[in-house]
Amino acid sequence: MATQYEITGASAKGIAASVERGVVEGALAPGTALPPVRRLAERLGVSPGTVATAYKELRRRGIVVTQGRGGTVVAPTPAVASRRPPPVPEGVRDLAGGHPDPAFLPAVLPTARLSPGVRSHRAQPRLAGLEELTRAWYERDGVPAEHLTFAHGALDCVARLLSVELRPGDAVAMEDPGYHHLLDLVPALGLRSVPVAVDDEGIRPDALRAALRAGARALICSPRGQNPYGGWFSAGRRDALLGVLGEAGGEVLVIEDDHAADVAGVPLYSLTGGGSGGAGDMGRAGGVAGVGPAGGAGGVGRAGGAGGVGRAGGAAGVGPAGGAGGVADGPARWAQVRTVSKHLGTDLRWGALACDRTTLARHDGRMLLTSGWVSHVLQETVARLMTDPETQALVAAARSAYARRREALLAALSARGIAAHGASGMNVWVPVRDEAAVVNGLRTRGWWVAAGARFRLAAGAGVRVTTAGLGEADAEVLAGDLAGVLGEAQATYGG
């Protein structure tokens, strides 16, 4: 073993607990080889069967993996560890967090008085007013909303969906690079992650086909504002992905994470069978924040510029090209998750779920047995924010500002010959050779960006820059500093 950590235990349970403790404490890093079964059994004075049972339990829980002749090693993303970001150093500008600009978040409105005990929360888990607003929110973008429910945020919802649909050892197709908390969640549930490469139009059809052929029983993807890459589905890409899913025969649960629906700055082309590229998140009307017809400029179409990241798309909200035939049928089993943390407040742990009838029944059946319902006080707060005129104005301003700031950095990087990706959302992904060198180099210049390692399964190295709070003038400064850091790295590595 390439570590001094000593595994202890006189039983399978004790041995497994010792390994888990080593992983949690960082003494057993991802990829660390565990001793062969017989060698560890001899050292601990137990039978080989006892050690084998411990290793089997650790595999079942996603803490270790077996690599054939390579033996048993700590998993690349062990279920008891997490891809938590390092603390932000003092004296630097934080562009690593992935958070919205606080200047565009509303003050939380006081809720109406909700007398305890006057409601049957389990019998009526959703406030009728918020349910109506949520249905309009989905229907604005063409997402079927006949069956919908609420959850305690996106991760809570996705975890429940996976736990009722899959069994330990099942495979899930995951964006690569992708959202690090989802990349942690899947192995924590005892499931296997199958990487699906992404580009500026989201997940690639060829990569999805390979994942499905590898046995993936579920797909988690973002139709826009993909984190960290920024991709979003065009009409053509959406139709191509539906074709690939159709080849799988309707056996795959498709989970869309539309986490930035109101500030992604682009229309929605959804795999749900709806999302025909209508108004998307382009404006507001009807008294609901972000709900309604397109409202002028800001994030219109797939403009090129900015280093050629975008692609021309004509007027926003025109819908998919292709004339006759329309949108291909969506998958039989599907769910689209939305939250309000990116446009109403990061502490509002509320999520909405639109899905097919079977998925709804399974999700709500499990929720009834656990948390039961989402706080009605929280629901009331979200509903009041959704219908508050000042909040509507803030959401519209945020949507426009985030698009300008993202595009400003892309343009500044392109002018310096630096490739970058960020077609939508609040982040820009910059491919680099050495993540640590870039992160530390920018730190010395007063910037803190996110190393890409925690977002990747098999994808190449990169850094993520959150542009939500980056002023357009600051984008030029950052791009210049990044060019300097990359120049230093090139001088080090050559080529």
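Note: the structure precedes this text.
Parameters and conventions
- Residues numbered from 1 in each chain as written.
- Predicted model: local features only at pLDDT ≥ 70, side-chain atom pairs only at ≥ 80, totals over all residues.
- Heavy atoms only, no water.
- Helix = DSSP H or I, 4+ residues; strand = E, 2+ residues; numbered from the N terminus.
- Buried < 20%, exposed > 50% of the residue type's maximum accessible area, 1.4 Å probe, protein only.
- Contact = heavy atoms within 4.5 Å.
- Areas by Shrake-Rupley, 256 points an atom, 1.4 Å probe, with all protein chains shown as cover.
- Pairing = 2+ DSSP bridges.
- Phe/Tyr/Trp six-rings, centres within 6.5 Å; stacked < 30°, edge-to-face > 60°.
- Lys NZ or Arg CZ within 6 Å of the ring centre and 35° of its normal.
- Expected span 1.5 Å × (residues − 1).
- Axes fitted to C-alpha atoms, helices over the stretch in contact; angles between N-to-C directions.
- Salt bridge = Lys/Arg side-chain N within 4 Å of Asp/Glu carboxyl O.

(A) Representation of the overall build of the protein within the structure. The secondary structure content of the protein amounts to 13 helices and 15 strands. For the protein, the proportion of its 495 residues judged to be buried stands at 53%. At a minimum sequence separation of 6, the contacts of the protein that also span at least 24 residues come to 72%. Accessible surface computed for the protein: about 20200 Å², of which carbon and sulfur atoms make up 52%.

(B) Local environment of the sheet that holds strand S14 (residues 450-451). The strand order S12-S15-S14 describes an open sheet built from three strands, whose pairing is antiparallel. Every interior strand has two partners, whereas the edge strands, strand S12 (427-431) and S14, have only one. Of the strand pairs in this sheet, S14 and strand S15 (residues 462-466) are connected by two bridges, and their pairing is antiparallel. By the bridge assignment, Ala451 is partnered in S15 with Val463.

(C) Broad picture of the packing of aromatic side chains. Within the structure shown, the criterion is met by six aromatic pairs. For the ring pair Phe104 and Tyr402, a centre distance of 5.8 Å and an interplane angle of 90 degrees mean the geometry is edge-to-face. Placement of the pair is Phe104 in the loop between strand S3 (93-94) and helix H4 (128-140) and Tyr402 in helix H11 (residues 389-415), with a sequence separation of 298 residues. The same class applies to Phe104 and to Tyr402, which are both buried. Both rings, one in Trp137 and one in Tyr138, keep their centres 6.3 Å apart while their planes meet at 40 degrees; by these two values the pair is tilted. The pair Trp137 / Tyr138 is uniform in exposure class, with both members buried. Site record: aromatic cluster; members linked through ring pairs are Trp137, Tyr138, Phe150 and Trp350. The positively charged end of Arg338 is found above the aromatic ring belonging to Trp137, 5.3 Å away from the centroid.

(D) Geometry of H4. Counted at 1.5 Å a residue, the expected span for H4 with its 13 residues is 18 Å, and the 18 Å between its end C-alpha atoms agrees. Inspection of H4 places Leu130, Glu131, Leu133, Thr134, Trp137, Tyr138 and Arg140 among the buried residues, and these make up the whole buried set. At the exit of H4 stands Gly142, carrying a positive phi of roughly 80 degrees.

(E) How the structure looks around the pairing of strand S5 (residues 171-176). In terms of burial, S5 is a largely internal element, six of the six residues being buried. With burial as the criterion, each face of S5 is covered, one bearing Ala171, Ala173 and Glu175 and the other bearing Val172, Met174 and Asp176. Alignment of S5 against strand S6 (residues 192-199), held across six bridges, turns out to be parallel. Bridge assignment links Asp176 to a residue of S6, and that residue is Ala197. The sheet contact formed by S5 and strand S8 (residues 216-221) spans four bridges and is parallel. Residue Ala171 lies in a different strand from S8, and its bridge partner there is Ala216.

(F) Quick look at the sheet that holds strand S7 (residues 202-203). Pairing in this open sheet of eight strands is mixed, and the strands run S4-S11-S10-S9-S8-S5-S6-S7 from one edge to the other. Whereas interior strands pair on both sides, the edge strands pair on one side only; in this sheet they are strand S4 (148-151) and S7. Running at roughly 165 degrees to S6, helix H7 (residues 205-213) makes contact with S5, S6, S7 and S8 of the sheet.

(G) Spatial organisation of the pattern of salt bridges. All chains considered together, the criterion is met by 29 salt bridges. Where Glu247 meets Arg209, a salt bridge forms, and the shortest distance between an N and an O atom there is 3.1 Å. With Glu247 in helix H8 (residues 235-247) and Arg209 in helix H7, this pair connects stretches of sequence that are 38 residues apart. The class for Glu247 is exposed, based on a relative accessible area of 52%. On the accessibility criterion, Arg209 (26% relative accessible area) is partly exposed. Through salt bridges with shared partners, a single network forms among Arg140, Asp141, Arg224, Asp258, Asp262 and Arg338.

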